[in-house]
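Residues per chain are reported as follows:
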Amino acid sequence: MMERVVRLMSTISGDKETAGPYSVLDYLLLDDAYDYGELDDALLARLNVTVIKTPLITEKPHKYDEHLVARALLSFV
Amino acid sequence: MKSLIQTQLGVTQARIHEDFDLRGASIGNLIMAGGYLNNQQQLDPIVFLFSRLVKALGEVKTTLDASLHLGVELENGDIVLGQHRITGKETDILPSPIKRMWLNKGLRNRMPTNCAIADDRKDAIETADLICYPPGSFYSSLLANLMPEGWERRFLQTLIPKCICPIWGLTQNNKVYR
């Protein structure tokens with residue numbers, strides 16, 4: 001998970017500086033009870049990525065509930 | 001709807017070889033492939049049509065409507081061209097992690113190329129309330145959509161919040177502790 005977050009951010013930003021208020025990733029939205037593996041909280045903090053954990057999985061154990069995901073995404077705006 | 005879907009599937013069926021192995025194929029991809037072949041090999045028209053037919057909320061647009069392949073360089077220096085050779089579904093799993101990826105012209109030689117996204121895609125980025133990175137395979141879906149030129153700069157110059165709800169960690173081996 002962490003390697004891919006870093007790879008995603010470096011792919012978008014490339015060699016360019018992202019100084020100031022701009023960012024390429026602000027939020028990592030995760031189910032609050034799923035085991036995604038180890039998260040490096042210190043690294044995420046340095047990258048200014050906020051982890052938001054909320055219920056996203058209901059009946060199917062390895063699939064997100066689309067209504068819960070939509071509700072979570074709408075809460076950002 | 002039924003007739004429209006059957007028409008696109010019929011086009012796909014007419015264009016594939018008899019020994020084409022359809023097992024495991026995505027029915028949605030087969031429908032889109034038929035629509036692509038049936039519309040002078042343009043993807044945008046069939047995406048627009050089916051987004052309306054399934055009553056998708058909002059607008060559905062491709063990142064890029066161009067015929068290109070994915071190319072990757074592995075950590076061990078190997079070059080692999082073609083998504084079907086990268087995902088490990090049709091060929092062996094890659095022997096080494098992916099080091100970098102690009103859009104390639106053709107499948108025979110390493111020919112990095114690129115296309116710029118259309119103006120309406122740029123406008124969509126700049127006027128969005130929220131940018132949510134797409135789900136799907138990390139390299140062949142997510143990063144592939146980030147390859148075209150023209151939108152990374154806009155990303156870096158916008159204050160629009162950006163988030164991702166990753167499916168990378170969702171495997172049968174993991175557990176829900178609820």
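The numbering scheme is per chain: residues are counted from 1 as the chain's sequence reads. In the order they appear in the text, chains get letters beginning with A and ligands get numbers beginning with 1. For this predicted model, a pLDDT threshold of at least 70 governs which residues receive local features, and a threshold of 80 or more governs which side-chain atom pairs are given and counted, while totals over whole chains, interfaces and linings are taken from all residues.

Undergrad: Explain the overall build of chain A residue by residue, including any values.
TA: Numbering of helices and strands runs from the N terminus, with a helix taken as a DSSP run of H or I at least four residues long and a strand as a DSSP run of E at least two residues long. Along its length, chain A carries 3 helices and 2 strands. Starting at the N terminus and ending at the C terminus, chain A contains elements arranged as α-β-α-β-α. Note on burial: count the other C-beta atoms lying within 10 Å of the residue's C-beta; 20 or more is buried, 12 or fewer is exposed, in between is partly exposed, and C-beta positions come from the backbone. The buried share of chain A, taken over its 77 residues, is 22%.

Undergrad: Explain the domain arrangement of chain B residue by residue, including any values.
TA: Splitting chain B by domain gives domain 1 (1–60) and domain 2 (69–113). For the domain bounds, the source is a domain assignment made automatically or taken from a database. In this structure, domain 1 of chain B and domain 2 of chain B have C-alpha centres spaced 26 Å apart.

Undergrad: So what's going on with the sheet that holds strand β4 (residues 112–113) of chain B? Which residues, and what values?
TA: Two strands form a pair only when DSSP identifies at least two bridges running between them. On the basis of which strands lie adjacent, the open sheet formed by 4 strands has the order β2-β1-β3-β4 (chain B) and antiparallel pairing. In this open sheet, the two edge strands, each paired with only one partner strand, are β2 (79–81) and β4 of chain B.

Undergrad: I'd like to hear about the sheet that holds strand β1 (residues 27–31) of chain A, residue by residue, with values.
TA: Taken together, the 4 strands give an open sheet; going across it, the order is β2(A)-β1(A)-β6(B)-β5(B), and neighbouring strands pair in parallel fashion. In the strand order of this sheet, the two ends are held by β2 (50–54) of chain A together with β5 (131–132) of chain B, each with one partner. Note: β1(A) against strand β6 (residues 162–164) of chain B, 2 bridges, orientation parallel. Residue pairing in the sheet places A:Tyr27 in a bridge with B:Cys163 of β6(B).

Undergrad: So what about the nonpolar core? Which residues, and what values?
TA: In terms of nonpolar packing, the biggest core is built from 20 residues, with A:Leu25, A:Leu28 and A:Leu29 touching the most fellow members. Where this core is concerned, the elements lending two or more residues are α1 (2–13) and β1 of chain A. With 4 residues, β1(A) is the largest single contributor of residues to this core. Here contacts are defined at the residue level, using C-beta atoms placed from the backbone and a cut-off of 7 Å between them. Among residues more than four places away in sequence, those in contact with A:Leu28 are A:Val5, A:Leu44, A:Val49, A:Val51 and B:Ile164. Core membership is restricted to buried Ala, Val, Leu, Ile, Met, Phe, Trp, Tyr and Cys residues, and these are joined into a nonpolar core through C-beta atoms within 7 Å.

Undergrad: Run through the environment of B:Arg110, naming residues and quoting values.
TA: Residue and element names in this part refer to chain B. Position of Arg110 among the secondary structure elements: in the loop between β3 (98–104) and β4. Accessibility expressed as a C-beta count within 10 Å gives 13 for Arg110, which makes it partly exposed. Separated by 10 residues in sequence, Arg110 and Asp120 place their C-alpha atoms 30 Å apart. If near-sequence neighbours (up to four positions away) are discounted, Arg110 is found in contact with Gly71, Ile79, Leu81 and Asn104.

Undergrad: Give a detailed account of the confidence of the model for chain A, specifying residues and quantitative values.
TA: This prediction gives chain A a mean pLDDT of 85; 88% of its residues lie at or above 70. Confidence of the predictor at the level of single residues is given by pLDDT, which spans 0 to 100. Mean pLDDT values for the elements of chain A range from 83 in α1(A) up to 94 in β2(A).

Undergrad: For the packing of helix α1 (residues 2–15) of chain B against helix α2 (residues 27–37) of chain B, give the residues involved together with the corresponding values.
TA: All names here are of chain B. With axes taken as lines fitted to C-alpha atoms, and helix axes fitted only over the stretch in contact, angles between N-to-C directions fall between 0 and 180 degrees. Running from N to C, α1 and α2 point in directions that differ by 80 degrees, and their axes come no closer than 7 Å. In terms of orientation, α1 lies roughly perpendicular with respect to α2. On α2, the residues touching Ile5, Gln8, Leu9, Gly10, Val11, Thr12 and Arg15 of α1 are Leu30, Ile31, Ala33, Gly34, Gly35 and Leu37. Residues are grouped as follows: Ala, Val, Leu, Ile, Met, Phe, Trp, Tyr, Cys and Pro are nonpolar; Asp, Glu, Lys and Arg are charged; every other residue, Gly included, is polar. Residues of the contact of α1 with α2, tallied by class, amount to 7 nonpolar, 5 polar and 1 charged. When an angle is under 35 degrees it counts as roughly parallel; over 145 it counts as roughly antiparallel; between 65 and 115 it counts as roughly perpendicular; any other value is oblique.

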